[in-house]
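Letter by letter, the chains look like this.
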Amino acid sequence: MAPPKKSKKNKKDGKLKKCKSSSVAPVEATAPDSEWWDSFWQKNSSIPGSSLWKDEEEGFKHFFRVSRKTFDYICTIVREDLVSRPPSGLINIEGRLLSVEKQVAIAVRRLASGESQVSVGAAFGVGQSTVSQVTWRFIEALEERAKHHLNWPDSNRKEEIKSKLEASFGLPNCCGAINGTHIIMTLPTVQASDDWCDTEKNYSMLLQGTVDHESRFLDIVTSWPGGMTFSRLLKCSGLFKFCESGQCLNGELRTLSDGEEIREYVVGGVGHPLLPWLITPYEGSALQASSVSAFNAAHEAARSLALTAFSQLKGTWRILSKVMWRPDKRKLPSIILVCCLLHNIIIDRGDILHPDVALSGHHDSGYGEQCSEQVDPLGRTMRDTLVKHWQRTRQTAASN
């Protein structure tokens, strides 16, 4: 589920408003900076490694992580909001108002590179304050306008996901994979409470994500402090409440070849509790059985979809993989959400991630694996049923 809405009383920026007054000049109404890319390319195309780019299109994707077509699509999503508000001094060094395209480019580059506002501003010929204002305007607009790119699947889409996961991993009625990661930050001394200090003595905010067979986010939970465990974060989420009350993962039961039935579920790691709708791997002495070890391998392969999603998310939108310098904790959930939306937009538009973006190491490098000891008896029974089915189907396949 998306992060909770921020209080309007404490918000100085104000929510995006559609300005109906004809006296307000749209951002693009006067001498728009429509040639931003030519200027940006000339200034930045000679950086080390640029010789590896085949053409400008590949260079564009290096800087902004999306193709020109996807970039143009993002512009259409936020255009109305970025045009409908007063310019508020959004001009470049040549004295021209910033076009929507240049505003989006500044914001996307800030999220993609994780570089300082000063560095991003220098690359576009604007000041630090302009980068700050433009980026936040973009985040607010995309958060509001691109919600349809991150939602729980309807019944038809869910059937497609289950079919793909069963074909790939032999797990019937599986609806996805779940995992969590830390977004590391520094905090002012007055805000540096133990709640935000995690097991590795970093100040961080947690992000929980549930993904499908394409490593596309179906649900996220954020805004919670890093001092919590992933198990505790799960129990604070809307996903947990909906699943426990039968409002989610409540599709038709799947009847297996031996007549037993299993419900819909997602797979997770040992840091999560074993529940009827959340299947975790076997541990301890149970691993001595070859069928259990083989099932664990298939389970891990399916769960790696969530690991891949976080690795791509943090590698593409590097503002999330770098240590954030004293972020506004009320705004950080929106930044995280928008990066997840952009991740999904890339997949939904059939875009291909640049090969060098995924993190080379683990998405939560330096963090040990958490362990939850909670085991629901119904979850244990369902996992045992899955193992028997998985072994039976493998034996049948081997004999044919």
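Up top is the structure.
Heads up: these notes are all about the structure in this document. Just so it is clear, the model here is predicted, and its values are computed rather than measured. (Residues numbered from 1 in each chain as written. Predicted model: local features only at pLDDT ≥ 70, side-chain atom pairs only at ≥ 80, totals over all residues. Heavy atoms only, no water.)

## Looking at the packing of helix H4 (residues 100–113) against helix H5 (residues 117–124)
For the record, the criterion: All axes are obtained by fitting lines to C-alpha atoms, using only the stretch in contact for helices, and the reported angles, taken between N-to-C directions, cover 0 to 180 degrees. The helix and strand labels rest on DSSP assignments: H or I over at least four residues marks a helix, E over at least two residues marks a strand, and numbering proceeds from the N terminus. Here the angle decides the label: under 35 degrees means roughly parallel, over 145 means roughly antiparallel, 65 to 115 means roughly perpendicular, and every other value means oblique. Crossing handedness: left-handed means the near helix sits turned counterclockwise from the far one by under a right angle, and right-handed means the same turn made clockwise. Contacts between residues were defined by any pair of non-hydrogen atoms, one from each residue, lying within 4.5 Å. Nonpolar residues are Ala, Val, Leu, Ile, Met, Phe, Trp, Tyr, Cys and Pro. Charged residues are Asp, Glu, Lys and Arg, and all others, Gly as well, are polar.
In contact at an axis separation of 10 Å, H4 and H5 are set at 140° when each is read in the N-to-C sense. Judged on the interaxial angle alone, H5 and H4 are oblique. Crossing geometry of H4 relative to H5 is assigned as right-handed. Of the residues in H5, those in contact with Lys102, Ala105, Ile106, Arg109, Arg110 and Ser113 of H4 are Gln117, Val120 and Phe124. Class assignment of the residues belonging to the contact of H4 with H5 gives a composition of 4 nonpolar, 2 polar and 3 charged.

## Comments concerning helix H2 (residues 56–64)
Short version of the rule: Only protein chains enter the area calculation, which uses a 1.4 Å probe; residues under 20% of their type maximum are buried, those over 50% are exposed, and those in between are partly exposed. The term polar contact refers here to a pair of N or O atoms within 3.5 Å; inside protein, the definition further demands a hydrogen-donor-capable atom paired with an acceptor-capable atom, and it admits residues adjacent in sequence only when both atoms are side-chain atoms.
Residues of H2 that are buried include every one of Gly59, Phe60, Lys61, His62, Phe63 and Phe64, and no others. Among the structural elements, helix H1 (36–44), helix H3 (68–84), H4 and H5 are those in contact with the buried residues of H2. For H2, the side-chain oxygen to backbone nitrogen distance between the N-cap and Glu57 is 3.2 Å, and the N-cap itself is Asp55. After H2 finishes, the residue Arg65 shows a positive phi value of roughly 65°.

## Quick look at the side chain of His389
With respect to the element layout, His389 can be found in helix H12 (residues 377–399). The class of His389 is buried, set by a relative accessible area of 6%. Once residues within four sequence positions are removed from consideration, His389 is found in contact with Pro172, Leu256 and Ser257.

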